[in-house]
Structures are given as structure tokens and as C-alpha cells.
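Observations on the three-dimensional arrangement
Listed below, chain by chain, are the residues.
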Amino acid sequence: MKKYFSFIVLFCFSLNIAAQPSQLGTPTPGAPAELITPENLREHLLERNFSILQSLNQVAQAKLNVSTQRMNLLPSLNLGVALSFQGDGFFLSTVSFLLPFLVPSNWFNYNESKYIFEAEKFSYYLLELNLYASAYSLIATMSADRELRKVLYTQYQNLLKIQQTIQMRFDFGIASGTDLTQAQGQTQLAYAQLSVVDALLTKEKSSLRALMAFPLSKSFELGDFSIPPSPFEDKTYEETLAYALKKSPEYAQIGQLITASKNGKWSKAFAFMNNSSLSSMSPDGRSVSFNNVNVSNQFNFGLGYFPSLELAETQIKKLELRRSEIKVEQAQIVESNIGVLSAAKMQLEQAAKAEASLNKVLQDQINNYSLGLTDLQNILLTQNTITQASTARVRAQLDLDTIRINLHRILFNDEFEKIKPCQAKPVAKQSLWKEIKDFFVNSTAQKAVDQQCKGKPKRKS
């Protein structure tokens, strides 16, 4: 009778332990948790991520620099005022009109700032794409770890059933204490492995929260999703690479930087001419007469003139080498991902088949053990093999998902297609004087970068 009673107590206690792992990682009660999917992940990330917001500020600064360089082309007036000691008051002693638009280097500086602005827009776009690719890979990893937790929890439940069966046989005197101790150790180890995955999921969730800049009070959970295949999975390397280079913002950005550097080189080439003006001076202590206006230009040749030209040429060559390097990098991404795609699909298929077959074998062995037709070692060996097969399936699925995310990123499919380049313009379609007025009177110009880069409707000022 005591044996039956001890078995019932053990069985109830085991049920209590078995319930605990399923409660690990559950959200705290409160507001409904938002389910994170690839779509709303993109929305939250692009709207809230601090790195993206900082990059947007750099785009705004580059736009302001374009406007500054453009305004530097405008003429300016210098007035010299003298005080008459004969009691006649003040009079103009000198008048000079600075004409910076006649200095070639100023125009090249202006053009250089425009191309740098375009390059900054590409930097902002690339940051959006690459951060989203990282976040997308993170939720794919979280999904895989969540599936791994299911695998380990199933293993834990199977080992718990085995332990319960051995406990029952031990109570009836038909199982050894060694088998019972070994079964208990295996169950405890499975529970420890489950706790490790729970801790990993908690850290991954924390990383995701930081990427989306969610406060701690915000409750969210990872929703169910699948990553669609790329339309280029059956294409050749050459077709895929040609399309990737055509769409590549990295390739377009380096082109803008090369053009900017060429303008910078010409600016240095004309740096010897640094001023042009019209001036008039007062004759004999009287006020300025505009009947006598002189045109003057300033030229300055220094020892650093030719080395600065060589440095500018070196910078252009460096950027051109980087453009060639981008082609190699894109080719490597295409080959490494499409090349292993078939292997990942095959591994996923074979691991899933092995997992299903071994699960049937395990159930038969547990039944045979109850009848004394097999030993514990065979059951534990089968269970470990099932865990290996399940883990291989999860890993193969994650590898396949990662490959597809990489292909979507460089080929602009899936959610990446919905991330649009920044369309901010360096100069508004209005008169120069009205543009200057806008910069100093209202915040229309500052708003435009945010509106155009993020594709928001224009606000009324």
C-alpha cells in the first residue's frame, strides 16, 4: 500500500514540475502585448531607432550646408564710414561689392556640397536597410530559439515520462536504483537546458526592445511569421549580381562621393583665385563717388598648392577602388547565399523526416520498456538522437531564413521593398530669396527633411 501511495505522490509532484517549464517566459499580466511581425517591426524601427534618427539629423545638416554654400555665392556689400573732424558728421570713405560668384572655387564648393548631400541621403537609406536586416535576423533567431525551446520542452516531458515509468517499476521491485538515478539525472539536465534557452530568449527580447526604443512598460511578444522565398533563388549568379548592382545604394553612394571629390579637386585647382570685388574710395576726404569704380581680383599661390591637388587626386582613386570593391562584395554575398541555399533546403527536409521517424521509434521503445523488452540505455539513446534531429531541423530552418533575409536585403524584396530612399531636395523649387526667408523666418526647411526622407505627408506650417 505504501508503494502505491508513494507512486501517487511522485506522480502529482512530477505533474507540478512539468507545468513549470510551460510557464517560463510568459508575459506579465497587464495591457495586451503587441505581437511583433516583420511588417510592424519595420515601422517601429524606422520611426523610433536612435541611430536612424541621428543619421536623419546628418542629412539635415548636409542640406543646410548646401544652402550655406549657395548663399555664399551671393554678392555682399562692405561700407567704410569715416568721421569728419570739421564737424560735417559721418561720410562713406569706401564702398566695395564682393562678387563671390565670379570665383570658380566657390561654384565647385557648392557642387561638392550637393553631391555630399546626396551621399548622406544614401547613408541614411543604407542605415535603415542594414538595421532592419539586423532586426529581421534577430526576430528570425528568436523564432528559431522559441522553436528550440519547444524541442527541449518535449524532450523534458519525454524524459519525465520515462522517469515516471522507471519509478513505478522500481516501486514494484522490477527496476534498479541505478536506472532510476540515471533517469532522474537526465530529466534534471533537460530542465537545465530549457532554462538556458529561456534566459537566451529574455536577452534577445531585450535587444529587440532596444532596437525599437520601447519603454519597459511596453508589453510585446514575437508573433508567428514565415520568411518568403526570394524570387531569385533559381536564378544564376550573373543574373542575380547584375540586378543587385543595379539596385545597390552602396554603388550609387560611392558614385556621388566620387563626383563630390572631383568637384573638391577642381575647387583646390582654382584656390589661387580667392576674391573678386568692385570698390570705390572717397577722394580728398569727401564721400564716395561712384563715378570711379575699380575692379579687383586677388590671387594667392602657396607652397601647399600642388600637394593639395595630389591629395585630392589620391582621394578620388581611393573611392574608385572602393567602387570596385563593392562589386566584389556584392558578388561574394550572391555566391555565398545562393550557393548554400540548396544545401539548407536539403538539410531541413532530411532533419524533419528523421525527427518524425525517431519519435515513432521512441514511443515503441517506451512501450517495450514497460513490458521489459528493452533497456533504459536504448530509450535514452533514442531520445538524445531525437533531440539532435530536432535541433538540426531548427538550425537548418534558421540558416534558410538567414539566407533569404540576405537575398531580400541586396535584391530589395519582401519588407525591404517597402523601405524607400530619402527624397529630400537640397534646394526648394522657389526663388532664392524666398528660400533664404524660409530659413530665417519659419521651420519649413527643417521639417522638409523629415517629411521627405520618411515619406510623411507635408505638414502645414
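Here goes a summary of the coordinates provided. (Residues numbered from 1 in each chain as written. Predicted model: local features only at pLDDT ≥ 70, side-chain atom pairs only at ≥ 80, totals over all residues. Heavy atoms only, no water.)

Regarding the packing of aromatic side chains
We describe a pair of aromatic rings using the distance from one ring centre to the other and the angle between the two ring planes. Formally: In this scheme Phe, Tyr and Trp rings, the latter by its six-membered ring, pair at centre separations within 6.5 Å, and the angle between planes marks the pair as stacked below 30 degrees, edge-to-face above 60, and tilted otherwise. The secondary structure listing takes helices from DSSP runs of H or I that are at least 4 residues long and strands from runs of E that are at least 2 residues long, numbered from the N terminus. Here the term buried applies to any residue with accessible area under 20% of the maximum for its type, exposed to any over 50%, and partly exposed to those in between, with areas from a 1.4 Å probe on protein chains only. In this scheme, the term charge over a ring applies when either NZ of a lysine or CZ of an arginine sits within 6 Å of the ring centre and within 35 degrees of the ring normal.
By the definition in use, this model includes eight aromatic pairs. Relative to Tyr243, the ring of Phe232 has its centre 4.9 Å away and its plane inclined at 35 degrees; by these criteria the two rings are tilted. Remark: Tyr243 occurs in helix H6 (residues 237–247) and Phe232 occurs in the loop between strand E4 (220–222) and H6; sequence separation between them is eleven residues. Residue Tyr243 is classed as partly exposed on the basis of its relative accessible area, which comes to 29%. Members of the aromatic cluster, connected to one another through ring pairs, are Tyr132, Tyr136 and Phe416. The ring of Phe220 has Lys205 sitting right over it, with the charged end atom 5.2 Å from the ring centre. One residue, Lys218, lies across the ring of Phe214, its end atom 5.4 Å from the ring centre.

Some remarks on H6
The test is simple: Note that the arc is computed from the directions linking the helix axis to the C-beta atoms.
Taken together, the buried positions of H6 are occupied by Thr240, Ala244 and Leu245. Viewed along the axis of H6, the buried residues span an arc of 130 degrees, placing them on a single side of the element. Turned more than 90 degrees away from the buried face of H6 sit Glu238 and Lys246, all of them exposed.

As for unusual backbone geometry
Located in the positive-phi region is Phe412, a residue other than glycine, with phi close to 60 degrees. The residue Phe412 is located in the loop between helix H9 (376–411) and helix H10 (432–441) in this model. Positioned with a positive phi, Asp414 is a non-glycine residue whose angle comes to about 55 degrees.

What to know about a nonpolar patch on the surface
Note the following rule: A residue counts toward a patch only above 30% relative accessible area and without a salt bridge, and it is joined to like-charged neighbours within 9 Å or, for Val, Leu, Ile, Met, Phe, Trp and Tyr, to nonpolar neighbours within 5 Å. Note on areas: Shrake-Rupley with a 1.4 Å probe; residue coverage comes only from the protein chains shown. What makes a salt bridge here is a side-chain nitrogen of Lys or Arg within 4 Å of a carboxyl oxygen of Asp or Glu, nothing more.
On the surface, a cluster of nonpolar side chains totalling about 290 Å² of accessible area is made up of Met168, Phe172 and Ile174. The topology assignment puts Phe172 in the loop between helix H4 (104–171) and helix H5 (177–212). Accessibility expressed as a relative area gives 46% for Phe172, which makes it partly exposed.

A word on the packing of H4 against H5
Keep this limit in mind: Interaxial angles span 0 to 180 degrees and are taken between N-to-C directions of axes, which are lines fitted to C-alpha atoms, for helices over the stretch in contact. The cut-offs work like this: below 35 degrees is roughly parallel, past 145 is roughly antiparallel, 65 to 115 is roughly perpendicular, and the gaps in between are oblique. Here a crossing is taken to be left-handed if its near helix is turned anticlockwise relative to the far helix by less than a right angle, and right-handed if that turn runs clockwise. Residue polarity is assigned by list, with Asp, Glu, Lys and Arg as charged and Ala, Val, Leu, Ile, Met, Phe, Trp, Tyr, Cys and Pro as nonpolar; anything else, Gly included, falls into the polar class.
At a minimum axis separation of 8 Å, H4 and H5 run at an interaxial angle of 160 degrees. Viewed along their axes, H4 and H5 adopt a mutual orientation that is roughly antiparallel. In the packing of H4 onto H5, the handedness of the crossing is left-handed. For the contact of H4 with H5, the class distribution of residues is 23 nonpolar, ten polar and seven charged.

Structural notes on the nonpolar core
Our working definition: Definition used in this section: a nonpolar core is a set of buried Ala, Val, Leu, Ile, Met, Phe, Trp, Tyr and Cys residues joined via side-chain atoms within 4.5 Å. Only heavy atoms matter for contacts: two residues are in contact if any of them lie within 4.5 Å across the pair.
Among the nonpolar cores identified, the biggest contains 65 residues, and Ile36, Leu41, Ile166 and Leu208 are the most heavily contacted of them. For this core, the secondary-structure elements that each account for two or more residues are helix H2 (38–48), helix H3 (50–71), H4, H5, E4, helix H8 (305–370) and H9. Considering every element that reaches this core, the biggest residue donor is H4, with 24 residues. With sequence-adjacent residues up to four places away left out, Leu41 is seen in contact with Ile36, Tyr132, Ala135, Tyr136, Ile139, Leu208 and Met212. If you look at the next biggest cluster of nonpolar residues, it comprises 13 residues, including Val334, Ala344, Ile403 and Leu411.

Things to note about the environment of Glu233
Convention followed: Here a polar contact is recorded for every N or O atom pair within 3.5 Å, except that within protein the pair must consist of a potential hydrogen donor and a potential acceptor, and residues adjacent in sequence are included only if both atoms are side-chain atoms.
Along the chain, Glu233 falls in the loop between E4 and H6. For the pair Glu233 and Asn337, spaced 104 residues apart in the sequence, the C-alpha separation amounts to 9.3 Å. In contact with Glu233, not counting residues within four places along its chain, are Ile338, Leu341, Lys345, Arg404 and Leu407. Within the local environment of Glu233, its side chain forms a polar contact with the backbone nitrogen of Ser230, the two atoms lying 2.9 Å apart. Within the structure, the side chain of Glu233 is placed 2.8 Å from the side chain of Arg404, a separation counted as a polar contact.

Here's the deal with the packing of H2 against H4
At their nearest, the axes of H2 and H4 sit 10 Å apart, and the two run at 135 degrees to each other. When the axis of H2 is compared with that of H4, the two are oblique. When you trace H2 past H4, the crossing you get is right-handed. Of H4, the residues touching H2 (which contributes Pro38, Leu41, Arg42, Leu45 and Leu46) are Glu128, Leu131, Tyr132, Ala135, Tyr136 and Ile139. In terms of residue class, the contact of H2 with H4 is made up of nine nonpolar, no polar and two charged.

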